[in-house]
Amino acid sequence: MIYLVDKYGKDDKLYPKDPQMQAVVNQRLYFDMGTLYQRFGDYYYPQIFEGASANPENYKKIGEALGFLDTFLQGQQFLAGGDSLTLADLSINPQHTIPTLVDGDFALWESRAICSYLVEKYGKDDKLYPKDAQKRALVNQRLYFDMGVFYQRFGDYWYPQIFAKQPANPENLKKMEEAVGFLNTFLEGHQYAAGNELTIADLSLAASAATYEVAGFDFSKYPNVHAWLERCKKNAPGYDLNQAGADEFKDKFLSGL
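What you are looking at is a predicted structure, and each value in this text was computed from that prediction instead of being measured.

Caption draft 1: Expanded view of the overall build of the chain. Along the backbone of the chain there are 9 helices and 2 strands. Counting from the amino terminus, the chain carries its helices and strands in the arrangement α-α-α-β-β-α-α-α-α-α-α. Since a compact globule built from 257 residues should have a radius of gyration of about 18 Å, the 19 Å found for the chain is in line with a globular shape. Taking the principal axes of its C-alpha atoms as reference, the chain extends roughly 50 × 45 × 35 Å. Here the chain holds 257 residues, and 42% of them are scored as buried. By element, 54% of the accessible surface of the chain is carried by carbon and sulfur atoms, the whole surface being about 14,300 Å². Charge separation in the chain, taken as the distance between the mean sites of 26 positive and 34 negative side-chain charges, equals 2 Å.

Okay, structure coming up:
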């Protein structure tokens, strides 16, 4: 959708060029993918495809997601505010998640949306988030892949073990390996996730990959991913701060498993 509006839209109403308005639309799109639709799938898909019984806890999470959506819409005609329909269609953060960015009187959460906003508003050039419609579309696809597949499958495998003390699920391990395989394919013939230049897609994916790594995942079986991650460690700004966070995650949550 973003690509089509960027390339063929007669105006920017559906995907505003203003950095703050665009950032809110991006946050709502990530919310749809990572929370609203994800919780629908978590509740209904096991029943539809596996014949599993309904899970009351997952049903409650659907209600919570709709509650967030209701809060976003409070006092607004459309999902991203304003009087115009957008692609996405406040307390500081009604979801109470981190990270949350406050820039003056503007608040934004969801790390990938924050990355896009910071480059749009403060970037000296567009290398990290290209303005070219096709290049940007590829970066966006990788960001959605990170949220909805790459990091999601890490969480699906590890979080039940960490927070619910459940045994490891071999099927979820296979899905996690499949996600790394997808990334390995994306990187074939390329230095970075969306081409041969470092972008915010790499910053986001590398943060997820670092978490895989501290959890003991063996990237040597995926040579493109292994080489890319080493490249990111050397060239991504602030990677040492990211590594410190990954190490802390390991110490707090993985050391006893």
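Caption draft 2: How the structure looks around the packing of helix 7 (residues 200-214) against helix 8 (residues 223-235). At a minimum axis separation of 10 Å, helix 7 and helix 8 run at an interaxial angle of 110°. The orientation of helix 7 with respect to helix 8, classified from their angle, is roughly perpendicular. The interaxial crossing formed by helix 7 with helix 8 has left-handed handedness. Within the contact between the two elements, helix 7 uses D202, L205, A206, A209 and E213 and helix 8 uses W228, L229, C232 and K233.

Caption draft 3: Inspection of helix 3 (residues 56-73) at higher detail. Relative to the 26 Å expected for 18 residues at 1.5 Å per residue, helix 3 spans 26 Å between its end C-alpha atoms, a close match to the ideal helical length. Of the residues making up helix 3, those classed as buried are N58, I62, A65, F68, L69 and F72. Within helix 3, the buried residues cover an arc of 115° as seen down the axis, which keeps them to one side. What points out from helix 3, more than 90 degrees from its buried face, is the exposed set P56, K60 and D70. Check the buried side of helix 3 and you find it contacts helix 2 (19-50) and strand 2 (106-109). Near the N-terminus of helix 3, the side chain that reaches the backbone nitrogen of E57, with its oxygen 2.9 Å away, is that of N55. In the segment just after helix 3, G75 is the residue with positive phi, at about 75°.

Caption draft 4: Spotlight on the side chain of Q27. Following the sequence through the fold, Q27 ends up in helix 2. Assessed through its relative accessible area of 1%, Q27 is described here as buried. Among all residues touching Q27, those that are not within four sequence positions of it are F72, Q95, L108, W109, E110 and A113.

Caption draft 5: The arrangement of a nonpolar patch on the surface in detail. Together, Y37, F40, Y44, I48, F49 and Y59 make up a nonpolar patch on the protein surface, roughly 670 Å² of accessible area in all. Here the nonpolar patch takes 5 residues from helix 2, the largest share from any one element.

Caption draft 6: Seen up close, the nonpolar core. If you look at the biggest cluster of nonpolar residues, it comprises 56 residues, and the most contacted ones within it are F150, Y212 and W228. Per-element accounting of this core gives the leading share, 11 residues, to helix 5 (residues 133-163). Not counting chain neighbours up to four residues away, the residues in contact with F150 comprise F145, A179, V180, L183, L205, S208, A209 and Y212. Residues F31, F68, L69 and F72 belong to the second largest nonpolar core, which totals 5 residues.

Each value, and the rule that gives it
Residues numbered from 1 in each chain as written. Predicted model: local features only at pLDDT ≥ 70, side-chain atom pairs only at ≥ 80, totals over all residues. Heavy atoms only, no water. Helix = DSSP H or I, 4+ residues; strand = E, 2+ residues; numbered from the N terminus. Rg over C-alpha atoms; globule rule 2.2 N^0.38 Å. Buried < 20%, exposed > 50% of the residue type's maximum accessible area, 1.4 Å probe, protein only. Areas by Shrake-Rupley, 256 points an atom, 1.4 Å probe, with all protein chains shown as cover. Lys, Arg positive; Asp, Glu negative; His and termini not counted. Charge placed at Lys NZ, Arg CZ, Asp CG, Glu CD. Axes fitted to C-alpha atoms, helices over the stretch in contact; angles between N-to-C directions. Parallel < 35°, antiparallel > 145°, perpendicular 65-115°, else oblique. Left-handed = near helix turned anticlockwise from the far one by under 90°. Contact = heavy atoms within 4.5 Å. Expected span 1.5 Å × (residues − 1). Arc of directions from axis to C-beta. Polar contact = N/O pair within 3.5 Å; in protein donor to acceptor, adjacent residues only side chain to side chain. Patch = residues over 30% accessible without salt bridge, like charges linked within 9 Å, V, L, I, M, F, W, Y side chains within 5 Å. Salt bridge = Lys/Arg side-chain N within 4 Å of Asp/Glu carboxyl O. Core = buried A, V, L, I, M, F, W, Y, C linked by side-chain atoms within 4.5 Å.

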